[in-house]
Amino acid sequence: MFLEYRINKVYTMNVKAKIQKWGNSLGIRIPMSMIKNLSLENGSTVNIEEDQDKIIIETNRNRDINSLLDKITEANLHSQLDWGNSEGKEIW
């Protein structure tokens, strides 16, 4: 029998940040200590979610297809798209 043990470090930091204009958008600077703790770097991608009066920013690490599929509900499931008749040698 194989047992898996995971130890997760929990970093909590409460930082006030100022929203500032950045091109045509608004941006928030992330403190270097958070960048290091989360192993972020220039060009890292994150997921941004709005939840009532909160903005949730999550790293993309530890995401797998199953965790993404779990978020599909009847309310957000789109219908099939009709791309029209074949135009070339497509096989439908």
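Conventions we followed
Residues numbered from 1 in each chain as written. Predicted model: local features only at pLDDT ≥ 70, side-chain atom pairs only at ≥ 80, totals over all residues. Heavy atoms only, no water. Helix = DSSP H or I, 4+ residues; strand = E, 2+ residues; numbered from the N terminus. Buried < 20%, exposed > 50% of the residue type's maximum accessible area, 1.4 Å probe, protein only. Contact = heavy atoms within 4.5 Å. Areas by Shrake-Rupley, 256 points an atom, 1.4 Å probe, with all protein chains shown as cover. Patch = residues over 30% accessible without salt bridge, like charges linked within 9 Å, V, L, I, M, F, W, Y side chains within 5 Å. Salt bridge = Lys/Arg side-chain N within 4 Å of Asp/Glu carboxyl O. Lys, Arg positive; Asp, Glu negative; His and termini not counted. Charge placed at Lys NZ, Arg CZ, Asp CG, Glu CD. Pairing = 2+ DSSP bridges.

Peer 1: Before we go on, may I ask you to explain the overall build of the chain in this structure?
Peer 2: Regarding its fold elements, the chain presents two helices and four strands. Sequence-ordered secondary structure for the chain, helices as α and strands as β, is β-β-α-β-β-α. Classification of the 92 residues of the chain by burial places 3% in the buried group. Residue pairs at least 24 apart in sequence account for 5% of intrachain contacts in the chain once pairs closer than 6 positions are excluded. As presented, the chain carries roughly 10100 Å² of accessible surface, and 53% of it is formed by carbon and sulfur atoms.

Peer 1: Honestly, a negative patch on the surface in this entry has me stumped. Any pointers?
Peer 2: A cluster of acidic residues, Glu49, Glu50, Asp51 and Asp53, forms a negative patch on the protein surface. Mapped onto the elements, Glu49 comes out in strand E3 (residues 46–51).

Peer 1: Got a minute to help me understand the pairing of strand E4 (residues 54–59) in this structure?
Peer 2: Looking along a regular strand, one sees the side chains alternate between the two faces of the sheet. As defined by bridge partners, E3 adjoins E4 across six bridges and the pair is classed as antiparallel. By the bridge assignment for E4, Asp51 is matched with Lys54. Where E3 hands over to E4, the hairpin turn is made up of two residues, of which Gln52 adopts a positive phi near 55°.

Peer 1: Help me understand unusual backbone geometry, please; the structure alone is not making it clear to me.
Peer 2: Glycine aside, negative phi is the norm for most residues, and most peptide bonds take the trans geometry. One non-glycine residue, Ser39, lies in the positive phi region at around 55°. Relative to the assigned elements, Ser39 resides in the loop between helix H1 (32–37) and E3. On the basis of relative accessibility, which here comes to 54%, the residue Ser39 falls in the exposed class. In this structure, Gln52 takes a positive phi of about 55° despite not being glycine. One can find Gln52 in the loop between E3 and E4.

Peer 1: Help me understand the environment of Ile19, please; the structure alone is not making it clear to me.
Peer 2: Note that Ile19 resides in the segment before strand E1 (20–22). Along the chain, Ile19 and Arg29 lie ten residues apart, while their C-alpha atoms are 8.1 Å from each other. With residues near it in sequence (within four places) discarded, Ile19 still touches Leu26, Gly27 and Ile28.

Peer 1: Can you walk me through the side chain of Thr59 in this structure?
Peer 2: Along the polypeptide, Thr59 turns up in strand E4. Looking at Thr59, the relative accessible area reads 19%, which means it is buried. When sequence neighbours within four positions are dropped, the list of residues in contact with Thr59 reads Leu38, Leu40, Val46 and Asn47.

Peer 1: Can you help me understand a nonpolar patch on the surface in this one?
Peer 2: Taken together, the side chains of Ile65, Leu68, Leu69, Ile72 and Leu77 make up a nonpolar region of the molecular surface, amounting to roughly 470 Å² of accessible area. Note that Leu69 resides in helix H2 (residues 65–69).

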